[in-house]
Amino acid sequence: MTDHILEVRNLKKHFHLGGNTILKAVDDVSFSIKRGETFGLVGESGCGKSTTGRTIIRLYDATDGEVLFNGKNVHKLKGKADKDFRKQMQMVFQDPYASLNPRMSVGDIIAEGLDIHNIGSAKERKERVHDLLQTVGLNPEHATRYPHEFSGGQRQRIGIARALAIEPEFIIADEPISALDVSIQAQVVNLFEKLQEERNLTYLFIAHDLAMVKHISSRIGVMYLGKMVETAGSNELHKNPLHPYSQALLSAIPIPDPEQARKRERIILQGDVPSPIAPPSGCPFRTRCPKAMPECAAAMPPLKEVEKDHFVACHLY
Ligand code: SF4
């Protein structure tokens, strides 16, 4: 059996905006995630990373392509397999203020999945909620309170407890720390890591900031305008970024060592991200790429493996 828990193959999610206008939010994206690892998906807002996550967990139907979870196409599941999938994959959302129902107690929010899937007696559910609150660093007494009584960091812990309630194998964390104070972000990342170790979870961790995912991810995928432009191991990507866009993103991350920082050149990208409704021909990055060549306008470079487990979509390679 493959050790990949998730395989995304040529995934497309296009939105028809009326008339002939099509937004190609995700356009032919492929990557895979090994069981127990964290795959970081990064890119500027509007690059399609959140839509990719939402299509994987079926908040959206796929326009084309496949998402294989434990070897089965998630968009074709029926009956028991479909029910199992909804237990095995859960999501933690970006905004801990908007994602928790303000009229439900914290205990009911966390137990909702248990109720839906009819897991355990009322007493067992209550115990599970108390255990989960402790697992995420809150108190069992918090179960009777309401979301507005908590800080942003605490609310995100509640969101994580909710995702854990039905013991999933795989969690999609969609910018789970972006809305939090910097001082709280590290605590929540540490919590994700602790839970992964204890429960052998696999994460798809979506963020706009490469610095944020470096620490937690074993591998990283970089998206630009609906395309995957580079995937590599986290250390490899940081030492040896190949795509000019990844190089620019990395050059913007502050280096703590002043000696090294002086040696590194900061690449400032010119211009804005083009509209995803009318992306440039050929390579989508060519309008901002400092290394663009004439052939870059003619054809989109395919994502190819140029070093072991290091894939890049660029005509330079
Ligand atoms: Fe730059 Fe061309 Fe590579 Fe695109 S294909 S990243 S434009 S060099």
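Residues numbered from 1 in each chain as written. Predicted model: local features only at pLDDT ≥ 70, side-chain atom pairs only at ≥ 80, totals over all residues. Heavy atoms only, no water.

S.K.: Before we go on, may I ask you to explain the state of the cysteines in this structure?
M.R.: Formally, a disulfide is one covalent bond, and it connects the sulfur atom of one cysteine to the sulfur atom of another. A complete count under the given rule lists zero disulfides for this structure. Cysteine Cys47 remains unbridged, with the sulfur of Cys283 as its closest cysteine sulfur at 14 Å. (Disulfide = S-S within 2.5 Å.)

S.K.: What should I look at first to understand the pattern of salt bridges in this one?
M.R.: Oppositely charged side chains may form a pair once their charged atoms are brought near each other. Counted under the stated rule, the structure contains 15 salt bridges. Between Glu169 and Arg35 there is a salt bridge; the shortest N-O distance is 3.1 Å. In this pair, Glu169 is assigned in the loop between helix 5 (152-164) and strand 7 (170-174) and Arg35 in the loop between strand 2 (22-34) and strand 3 (38-42), connecting sequence segments 134 residues apart. Accessibility expressed as a relative area gives 34% for Arg35, which makes it partly exposed. Lys123 is the partner of Glu127 in a salt bridge, and the nearest nitrogen-oxygen pair spans 3.3 Å. Linking Glu127 with Lys123, this pair stays in helix 4 (residues 122-135), spanning four residues, or about one helical turn. One network of salt bridges, in which partners are shared, links Glu7, Arg9 and Glu66. (Salt bridge = Lys/Arg side-chain N within 4 Å of Asp/Glu carboxyl O. Helix = DSSP H or I, 4+ residues; strand = E, 2+ residues; numbered from the N terminus. Buried < 20%, exposed > 50% of the residue type's maximum accessible area, 1.4 Å probe, protein only.)

S.K.: Got a minute to help me understand the packing of aromatic side chains in this structure?
M.R.: Applying the stated criterion to the full structure yields nine aromatic pairs. Measuring from centroid to centroid gives 5.0 Å for Tyr224 and Phe285, while their planes differ by 80 degrees, and the two rings are edge-to-face. With Tyr224 in strand 9 (residues 219-224) and Phe285 in the loop between helix 10 (258-263) and strand 11 (304-307), the pair connects residues that are 61 residues apart, well separated along the chain. On the accessibility criterion, Tyr224 (1% relative accessible area) is buried. Residue class for Phe285 comes out buried when judged on its relative accessible area of 1%. The rings of Phe69, Phe85 and Phe170 are connected pair by pair, giving a single aromatic cluster. When the ring centre of Phe15 is taken as reference, the NZ or CZ atom of Lys13 above it lies at 5.0 Å. (Phe/Tyr/Trp six-rings, centres within 6.5 Å; stacked < 30°, edge-to-face > 60°. Lys NZ or Arg CZ within 6 Å of the ring centre and 35° of its normal.)

S.K.: Honestly, the packing of helix 3 (residues 106-116) against helix 5 in this entry has me stumped. Any pointers?
M.R.: The description of two helices packed together rests on the angle between their axes and the distance between the axes. Interaxial distance between helix 3 and helix 5 falls to 7 Å at its minimum, and their mutual angle equals 30 degrees. Comparing the axis directions of helix 3 and helix 5 gives the class roughly parallel. Where helix 3 crosses over helix 5, the handedness of that crossing is right-handed. Along its contact with helix 3, which presents Val106, Ile109 and Ile110, the element helix 5 presents Ile158, Ala161 and Arg162. Looking at side-chain class alone, the contact of helix 3 with helix 5 contains five nonpolar, no polar and one charged residues. (Axes fitted to C-alpha atoms, helices over the stretch in contact; angles between N-to-C directions. Parallel < 35°, antiparallel > 145°, perpendicular 65-115°, else oblique. Left-handed = near helix turned anticlockwise from the far one by under 90°. Contact = heavy atoms within 4.5 Å. Nonpolar A, V, L, I, M, F, W, Y, C, P; charged D, E, K, R; others polar.)

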